[in-house]
Structures are given as structure tokens and as C-alpha cells.
Amino acid sequence: LDLMEIIAPVEKLPREPEAAPDWPLVVDLPVSVTGKRVTPMLSDWLKMRRHAGEALGPVVTFGEQQVLPLKLDQRYWAGIEVESIDNLKQLADESVAFLWTPFALQRREAKAVFARDVWRALQPGGTWALVDVLPESMANHWLYRYFPEAWDNDLGITWNTYELYNALRGAGFEVDLKRRSVHQAVHLGIAWEMATKRERCPQLALMPDRVYEMGIARLKAAVTEKGEAYLEMSAFCLVEVAGGIRGAPGGVGMDGPRFTGLGLGNGGGGGRGRSGGGHRR
């Protein structure tokens, strides 16, 4: 499923890199991803579980939560506790019903190992919810336009759509995947200011000095020609994945109620086996 939306342009220097999803590629997120009171992916999951008469937890978050915190309005979902962890090894086998890992996969070297750790920790019928950057669909981002070598490098270290889907299927997950293209223009002067903070940007910090200086020269020429206030068209792409595991308690089959808006079956058969040939160890 491919989605597209437009959000307000970047008109001032964004948040510090540590608080941004993937600075400077992604500095803001649309409400369709963050939610107002409840994170949309969690909201869909809670409604699905309640409809099926299944337990609404445990719910666990992993990663830098200031980047995309998991929102839960206790007025509507009273009694649900959210545990935050910084190491998946903390989780016992089959101990989590919903695991939220925003922007924690694509920049990780051992992605397949991470996926296996999630698989181990999820209960049968559980869901792994993730949102992350998808560089393969971001050729029109301003950073990649002026520093094409940065795009080449990112393509080499991140999964594309097919690699992500196949890796998660191979790890035993039922996968539902969305690509969300977000168009967000940026003032050229702000782009220039971000690019000069080279040490804050991994994509620029890792490239050879000569290559970086060529990109800076291209950007500087554009600022000189068009002005700092010129709105440069740019877009980033997010991948939103719900990775489910068969075998939900309560025996709701794969042809039963679906994961609203995400298209995931919510388990089936009451068995303990996993899809993709996996089995409990």
C-alpha cells in the first residue's frame, strides 16, 4: 500500500539530531504517523484485540522514544501499562503482545539478528510495529540531490522494500507493509545550515572530504542563485510495518477479523507454530 501526503515546509533549523527521527532526512512527522492521543498503529491493534476478546498487552517500546513516542490515552484505554526497554535481551521468550520499535531497524548493522530477537520475544498472535526511513524511495530528498553519494551509501546499508518484506517473512512474520511518501519542502538556507553541520549528519560525516566539498559547492551555488528563502522541493519516504505471528490465544483464524487498516490476520488455529516454517524452540 502506497500513501502520499504533504506537510508544512522546514522554515527554521529543526530539532537537534538526537530528537529527530533520522536527521536531516526526516526532521518532522505527520500526524497520520504520530497520532494525536493514541499512536495509530497501536490504536488499530488495541481495537482488533478488543474485538477478538484477547488480552490488551503486554505492550513494550524499544529505542529512542523521544523520536516517536508511543501515545496511549488512558481515558480510553485505562489500565494498559507500557514498558520501555533499551535491550531486547531483557525480554523473555513469548513475553510481548505488541512491540513498538520506531526508527530502530534501518540504521542497524545486524538487522536480521534484530528481527530474530523480536520473533523470539513476541507471543503467538503478537505484533511487531515499526516505522522507519526508506532511502530507496527518496531520490528527490534535498540531501540526496546535492550529495548523491550519500544516497548511494544509504542504499548500501539499508533494506529496500523487497529486502525488508522478504527478511521478515523469512524470520517467521506475517507482514503487512505500507510506504508513506511525505512531501516537505525546505528553505535553501536551512538546508545549507544543516549540511554545514557535517559532524551531526552520519551520511555526510562518513564521506571523503573531497566529495563532501563538491556537494557543499553545489548547495552553495543554489543558495546564491535562488536565495536562502527559496523553497526547495523535497520528500522523504517511511515504511510502516506490522509483523504478526500466527497462533493467537483464543483461536481466531487467519480468515477471522483482520487488523483494521493494516491488513494483518490476527493469528489462527490456537497452535504454537510460526509462519514461514518457524517453530518454537
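For the structure, see preceding data.
Just so it is clear, the model here is predicted, and its values are computed rather than measured. Numbering of residues starts from 1 in each chain and follows the order in which that chain's sequence is written. This being a predicted model, a pLDDT of at least 70 is required before a residue's local features are given, and a value of 80 or more before pairs of side-chain atoms are given or counted; all residues contribute to the totals for chains, interfaces and linings. Where side-chain values are given, they derive from all heavy atoms of the structure, hydrogens and water being excluded.

Participant: Would you mind showing me how to read the overall build of the protein chain here?
Facilitator: The helix and strand tally for the protein chain stands at nine helices and nine strands. The classification of residues rests on relative accessible area computed with a 1.4 Å probe and restricted to protein chains. Under 20% of the type maximum is buried, over 50% is exposed, and intermediate values are partly exposed. With 281 residues in all, the protein chain has 54% of them scored as buried. In the protein chain, the proportion of contacts linking residues at least 24 apart, taken out of those at least 6 apart, comes to 77%. Secondary structure counts use DSSP, requiring at least four H or I residues in a row for a helix and at least two E residues in a row for a strand, with both numbered from the N terminus. It only takes one pair of heavy atoms within 4.5 Å for two residues to be counted as in contact.

Participant: How should the nonpolar core be read in this particular structure?
Facilitator: The nonpolar side chains of a soluble globular protein tend to be buried with one another. Of all hydrophobic cores here, the largest spans 84 residues; its most connected members are L99, W128, F147, L168 and F173. In contact with L99, not counting residues within four places along its chain, are V60, F62, L88, L91, V118, L122, T127, W128 and A129. In this description, a nonpolar core means a group of buried Ala, Val, Leu, Ile, Met, Phe, Trp, Tyr and Cys residues linked to one another through side-chain atoms lying within 4.5 Å.

Participant: Explain the environment of A55 to me, please; I cannot follow it from the model alone.
Facilitator: Mapped onto the secondary structure, A55 falls in the loop between α2 (40-52) and β2 (59-62). When the C-alpha atoms of A55 and A97 are compared, they prove to be 8.4 Å apart, with 42 residues separating the residues in sequence. Residue contacts for A55: discarding those within four places in its chain leaves W45 and R49.

Participant: So what exactly am I meant to see when it comes to helix α3 (residues 111-121) here?
Facilitator: For an α-helix the count is 3.6 residues per turn, leaving residues at separations of three or four pointing the same way. Summarising burial for α3: eight of the 11 residues are buried, a large majority. Three or more residues of α3 are buried, namely K111, F114, A115, D117, V118, W119, R120 and A121. Where α3 is buried, its residues contact β2, β4 (96-100), β5 (122-133) and α5 (148-157).

Participant: Please explain the packing of helix α7 (residues 188-196) against helix α9 (residues 209-226) as it appears in this structure.
Facilitator: Helix axes use the C-alpha atoms of the stretch in contact, all axes being lines fitted to C-alpha atoms, and the angles between their N-to-C directions lie in the range 0 to 180 degrees. Relative orientation of the contacting elements α7 and α9 amounts to 160°, with a least axis distance of 10 Å. With respect to each other, α7 and α9 are oriented roughly antiparallel. The way α7 lies across α9 gives a crossing that is left-handed. Of α9, the residues touching α7 (which contributes L188, A191, W192, A195 and T196) are Y212, I216, L219, K220, A222, V223 and K226. Throughout, the term roughly parallel applies to angles under 35 degrees, roughly antiparallel to angles over 145, roughly perpendicular to angles from 65 to 115, and oblique to all others. Less than a right angle of anticlockwise turn of the near helix away from the far helix marks a crossing as left-handed, whereas a clockwise turn marks it as right-handed.

Participant: Would you mind going over the sheet that holds β2 with me for this structure?
Facilitator: Picture the strands of a sheet paired through backbone hydrogen bonds; they go either parallel or antiparallel. One open sheet holds the seven strands; their spatial order is β1-β6-β9-β5-β4-β2-β3, and the pairing between them is mixed. On the outer flanks of this sheet lie β1 (2-6) and β3 (82-85), each paired with one strand and no other. Going across the sheet, the axis of each strand differs from the next one's by a mean of 20°, ignoring polarity. Between any two strands, at least two bridges found by DSSP are needed for them to pair. Here 10 bridges tie strand β6 (residues 174-183) to strand β9 (residues 235-244), and the two strands are oriented antiparallel to one another. The residue of β9 that forms the bridge with K178 is E240. Against the sheet, α3 contacts β2, β4 and β5, and its axis sits at roughly 145° relative to β5.

Participant: Help me understand the pairing of β4, please; the structure alone is not making it clear to me.
Facilitator: Along β4, five of the five residues are buried, which leaves the element largely enclosed by surrounding structure. Here β2 runs beside β4; their pairing, made up of three bridges, is parallel. Each residue of the ladder has a partner; that of V59, found in β4, is F98. Where β4 and β5 come together, four bridges link them in parallel fashion.

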